[in-house]
Amino acid sequence: GGDDLRVTSRPRTEAYQGNAATVSSYYNSRQEVGVTQREYSPIIGLKKFNNWVKSVLIGKFVGGERPRPGAKVLDIGCGKGGDLNKWKVARVSLYVGMDIADVSVDQARERYNTMRGRKFEGFFKAHDCYARPISEALPERYQQRELYDNVTMQFCMHYAFETASKARMMMENVSRYLRKGGIFIGTIPNTDLLLQRLEQIPEGEPLEFGNSCYSITFEERHHKGLYGHAYHFYLEDAVEGVPEYTVDWDNFVSLAREYGLELKYKKTFNDILQEEQGTEDFGPLLGKMGVVNEHGESAMDSDQWEAANLYMGFAFTKVV
Ligand code: SAM
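Treat the numbers as computed from the prediction; the structure is a model and nothing was measured.

A. Seen up close, the site of the ligand. For the ligand, the set of nearby residues contains 17 residues, the closest of which are Lys 54, Gly 77, Asp 99, Asp 128 and Gln 154. Measuring from a nitrogen atom of the ligand, one finds a side-chain N or O atom of Asp 128 at 2.8 Å. When its residues are assigned to classes, the shell around the ligand shows 10 nonpolar, 4 polar and 3 charged.

B. Up close: helix H8 (residues 191-199). Buried within H8 are the following residues: Thr 191, Leu 194 and Leu 198. Taken end-on, H8 shows its buried residues confined to a sector of 65°, consistent with a single buried face. Next to the buried residues of H8 lie strand E5 (178-189), strand E6 (208-210), strand E7 (214-218) and strand E8 (230-235).

C. How the structure looks around the pattern of salt bridges. Per the counting criterion, the structure on display carries 17 salt bridges. A salt bridge links Glu 203 to Arg 221, with the nearest nitrogen and oxygen atoms 3.6 Å apart. Placement of Glu 203 in the loop between H8 and E6 and of Arg 221 in the loop between E7 and E8 is noted, with a sequence separation of 18 residues between them. When its relative accessible area of 68% is taken as the criterion, Glu 203 is described as exposed. The exposure class assigned to Arg 221 is buried, which follows from its relative accessible area of 17%. Here Glu 275 ties to Lys 267 by a salt bridge, and the two come within 3.3 Å at their closest N and O atoms. On the accessibility criterion, Glu 275 (43% relative accessible area) is partly exposed. Within the structure, one salt-bridge network assembled from shared partners comprises Lys 54, Asp 83 and Lys 86.

D. Layout of the sheet that holds strand E9 (residues 243-245). Spatially, the 4 strands line up as an open sheet ordered E6-E7-E8-E9, and their pairing is antiparallel. Bordering the open sheet on either side are E6 and E9, each of which pairs with just one other strand. Pairs of neighbouring strands in the sheet enclose a mean axial angle of 30°, with direction left out of account. Across 3 bridges, the pairing between E6 and E7 is antiparallel. Each bridged residue has a counterpart across the sheet, and for Glu 208 the counterpart in E7 is Thr 217. Each of E6, E7 and E8 touches H8; the most contacted strand, E7, lies at about 75° to it.

E. Fine view of the side chain of Thr 191. You can see Thr 191 is positioned in helix H8. Under the relative-accessibility criterion, Thr 191 is labelled buried at 7%. Not counting residues within four places of it along the chain, the set of residues in contact with Thr 191 comprises Thr 246 and Val 247.

The rules behind each value
- Residues numbered from 1 in each chain as written.
- Predicted model: local features only at pLDDT ≥ 70, side-chain atom pairs only at ≥ 80, totals over all residues.
- Heavy atoms only, no water.
- Near = heavy atom within 4 Å.
- Polar contact = N/O pair within 3.5 Å; in protein donor to acceptor, adjacent residues only side chain to side chain.
- Nonpolar A, V, L, I, M, F, W, Y, C, P; charged D, E, K, R; others polar.
- Buried < 20%, exposed > 50% of the residue type's maximum accessible area, 1.4 Å probe, protein only.
- Helix = DSSP H or I, 4+ residues; strand = E, 2+ residues; numbered from the N terminus.
- Arc of directions from axis to C-beta.
- Contact = heavy atoms within 4.5 Å.
- Salt bridge = Lys/Arg side-chain N within 4 Å of Asp/Glu carboxyl O.
- Pairing = 2+ DSSP bridges.
- Axes fitted to C-alpha atoms, helices over the stretch in contact; angles between N-to-C directions.

Quick look at the structure:
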């Protein structure tokens, strides 16, 4: 609190340290654009593909193991509520959305309030889910043991890997009210791939790679320890300047295990596409969501496709 520095006015070195104020002021400052204006985004194909991948994860894992009808879902880092409709299609009965950026949370609530044909309960709350227990921000009825069938963290979990204590608080919040057999899903950058690309940079060259739609800049080539390995991710018309942190996969899996979560699914976006594009459930969605046109051609150019493949999706089952 009290820190209202703008990302853009922050000196580079300071921005790299990363903190909650940077992240929230950045996401708060981003304009909500309507569906029509969104069509003109230079990375519209990539955005649609990311949405398709999220729909796949939601469709595959909604309701948890032995899915219960009318799933209850907790969306941590919900942003502007861009996944509300996907969860509606998945016939949830409760959607609780939390995010550190209060302006985004207001937009998510507004989106929920104006949704057509909505048949589920919604609750929205601004909260730093990596620094504080979510119980502090949720009414009693939304913090019951075994309440949620799913917890979802889309394109946001990596921000927690700044420090061990943030990552642990995040995991605690994910696991706490997830039922046994419930499933935690998410999408994060593929750290192995990022580090491979970093390694390929010749000595003495800037620690940067990318193409026309994205760039990634690392601070240090080698980082000791499992947390706080920062990089800057710039994605055209989407994110810029917010420090992100590599997620050491093995460390994440063992951390998750400490919180009663067992790895169920881990795939790059490319593998998800290869596996699901021919399925009855998700193949036709590619056209419906505009990822491919009526001729089956991709809406992404090769640079966007490369950016899309920086990410991977995962699912963990709550076992205890
Ligand atoms: N999940 C949404 C989606 O898929 O469209 C938003 C993704 S956006 C790239 C990352 C989100 O993480 C932002 O809305 C940001 O405010 C949120 N975030 C970052 N740090 C957070 C924290 N400590 N607690 C809650 N949300 C956080």
